[in-house]
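# Structural characterization, general
Here's the letter readout for the chains.
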Amino acid sequence: MRVVGQNDKRWSLGGVRAGVAVLALAALAPLAAGCGQDGKGGPNAVPPAGGQQPLQSPSARALDSRTPELRAAHAARAAVAKRWGLKQVPLTAPPAPEKKPRVTTRKGFEVDGHRRLDLPPVFTTVPTEEKVVFLTIDDGAEKDPAFLRMMNELKIPYTAFLSDYVIKDDYGYFGEMQDRGVGLNNHTLSHPYLPGLSYAHQKREICGMQDVIEERYGERPVLFRPPFGNYNKDTLRAAKACGIEYALLWNEEVFVDRWEYREWDRKLRPGDIVLTHFRGRGEWEGTMPDMIRRFLDKVTAEGYAVGRLEDYL
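Residues numbered from 1 in each chain as written. Predicted model: local features only at pLDDT ≥ 70, side-chain atom pairs only at ≥ 80, totals over all residues. Heavy atoms only, no water.

On to the overall build of the protein, then. On a plain count of helices and strands, the protein comes out with nine helices and 12 strands. Scored against the burial criterion, the 313 residues of the protein give a buried share of 52%. Roughly 14,800 Å² of accessible area belongs to the protein as shown, and the carbon and sulfur atoms make up 50% of that amount. (Helix = DSSP H or I, 4+ residues; strand = E, 2+ residues; numbered from the N terminus. Buried < 20%, exposed > 50% of the residue type's maximum accessible area, 1.4 Å probe, protein only. Areas by Shrake-Rupley, 256 points an atom, 1.4 Å probe, with all protein chains shown as cover.)

Below, the structure is given as structure tokens:
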């Protein structure tokens, strides 16, 4: 049986205020100054949306035309970005698409009978022309309260893929995450190399994690990421039998000290899925907030916002 492997993933253990505030962020993002490191703009400068020319500084008249509430909302967002050490204020993602894109298996990632058996699509990028990327975080080994605060204060969406063997010592941490709107999804019970297991064993790993998430968090996921990115036909058959609709991989991986890329040109693309892990100083030369800072500085500098993956699936 053909095994599909993703060798670029290395192993390691392991609501909402409505109305004025939302409108404020969307309205004021294009007004912020350009680069913040060359003396031409402040440290909280916001790059323009795609197709716009950067404004080196917003005119007093432009800001004065906004209500005090709008100016206060922008100032608060800039203050949060500065407090977390970001070079620029993260861009606001566009609204969720009215019609969700059709997601299909990436060429070369198919298994025998993939279409005939209607197996979950395996993909690394979501079809969209919007300059958005999607942050996904695997396993659950590190449980850093500062990470939760950072993501909540910055309002950055992300999607978690959890393995029971590393989350069972603190299910509550991920409950807090879910309370803040984060999707909790399936990364198997014990993070095995799935193609080395029988169909029945793979099904126990995947369905077992479905049961854990449903019991602990009240929802049965439809998203699944195979450990190490490795899978075969039995993996996708088992996933489908367990209620999985999508099998996600990734196009980039971000660490605390570097990025790694699937594509030869090492460029971000609209709709790319970015992978990282719940890790800390025990395995990285830094913390999860350090990793998020590297992630956000790059995507913002290149004109990308971080979207909510579930809005597109």
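With that settled, the discussion passes to the pattern of salt bridges. Pairs can form between side chains of opposite charge once their charged atoms are near each other. For the structure on display, the rule yields 16 salt bridges. The partner of Asp169 in a salt bridge is Lys143, and the shortest N-O contact between them spans 3.1 Å. Highlighted residues: Asp169 in the loop between helix H5 (164-167) and helix H6 (171-179) and Lys143 in the loop between strand E3 (132-139) and helix H4 (145-154), separated in sequence by 26 residues. On the basis of relative accessible area, Asp169 is assigned to the exposed category, the value being 61%. With a closest N to O distance of 3.1 Å, Arg258 and Glu260 form a salt bridge. Accessibility expressed as a relative area gives 25% for Arg258, which makes it partly exposed. (Salt bridge = Lys/Arg side-chain N within 4 Å of Asp/Glu carboxyl O.)

What follows covers unusual backbone geometry. In this model, His191 sits at a positive phi of 60 degrees, which is unusual for a non-glycine residue. Structurally, the position occupied by His191 is in the loop between strand E5 (183-186) and helix H7 (199-217). Unlike most non-glycine residues, Arg266 shows phi in positive territory, near 55 degrees. Structurally, the position occupied by Arg266 is in the loop between strand E10 (259-261) and strand E11 (273-277).

Our focus in this paragraph is the state of the cysteines. Applying the stated criterion across every chain, the model contains one disulfide. What pairs with Cys207 in a disulfide is Cys242, and their sulfur atoms sit 1.8 Å apart. Handedness of the Cys207-Cys242 disulfide follows from its S-S torsion of about -100 degrees: it is left-handed. Within this pair, whereas Cys207 is found in helix H7, its partner Cys242 is found in the loop between helix H8 (233-241) and strand E8 (246-248), the two being separated by 35 residues in sequence. (Disulfide = S-S within 2.5 Å.)

Taken as a whole, this structure holds eight aromatic pairs when the rule is applied. When the ring of Phe134 is compared with that of Tyr312, the centres are 5.0 Å apart and the planes differ by 65 degrees; the resulting orientation is edge-to-face. Here Phe134 is found in strand E3, whereas its partner Tyr312 is found in the segment after strand E12 (305-306), with 178 residues between them in sequence. Residue Tyr312 is classed as buried on the basis of its relative accessible area, which comes to 4%. On the numbers, 5.9 Å between centres and 20 degrees between planes, the contact of Trp259 with Phe295 is stacked. Of this pair, Trp259 sits in strand E10 while Phe295 sits in helix H9 (residues 288-301); the two residues are 36 residues apart in sequence, bridging distant segments of the chain. The same class applies to Trp259 and to Phe295, which are both buried. Of note, Arg262 hangs over the ring of Trp250, and the distance from its end group to the ring centre comes to 5.5 Å. (Phe/Tyr/Trp six-rings, centres within 6.5 Å; stacked < 30°, edge-to-face > 60°. Lys NZ or Arg CZ within 6 Å of the ring centre and 35° of its normal.)

Let us look at the packing of H4 against H6. Packed helices, taken two at a time, are described by their axes: the angle between them and the distance between them. Where H4 contacts H6, the axes come no closer than 11 Å and their chain directions differ by 5 degrees. On the basis of their axis angle, the class for H4 and H6 is roughly parallel. Between H4, through Pro145, Phe147 and Leu148, and H6, the contact on the second element is made entirely by Tyr173, Glu176 and Met177. Of the residues in the contact of H4 with H6, the class split is five nonpolar, no polar and one charged. (Axes fitted to C-alpha atoms, helices over the stretch in contact; angles between N-to-C directions. Parallel < 35°, antiparallel > 145°, perpendicular 65-115°, else oblique. Contact = heavy atoms within 4.5 Å. Nonpolar A, V, L, I, M, F, W, Y, C, P; charged D, E, K, R; others polar.)

Turning to the pairing of E3, a few remarks are in order. Counting buried residues along E3, eight of its eight residues qualify, which places the element largely inside the surrounding structure. With two bridges joining them, E3 and E12 adopt parallel strand pairing. Pairing of Val133 across the sheet is with Val306, part of E12. The pairing of E3 with E11 spans five bridges and is classified as parallel. Bridge pairing in E11 places Ile137 opposite Thr276. As defined by bridge partners, E3 adjoins strand E4 (residues 159-162) across four bridges and the pair is classed as parallel. Residue Ile137 lies in a different strand from E4, and its bridge partner there is Ala160. The parallel pair E3 and E4, bridged by H4, forms a crossover whose chirality is right-handed. (Pairing = 2+ DSSP bridges. Right-handed = clockwise from strand over helix to strand, strands pointing away.)

To continue, consider the side chain of His277. When you line up the elements, His277 lands in strand E11. At a separation of 3.5 Å, a polar atom in the side chain of His277 contacts the side chain of Glu253. (Polar contact = N/O pair within 3.5 Å; in protein donor to acceptor, adjacent residues only side chain to side chain.)

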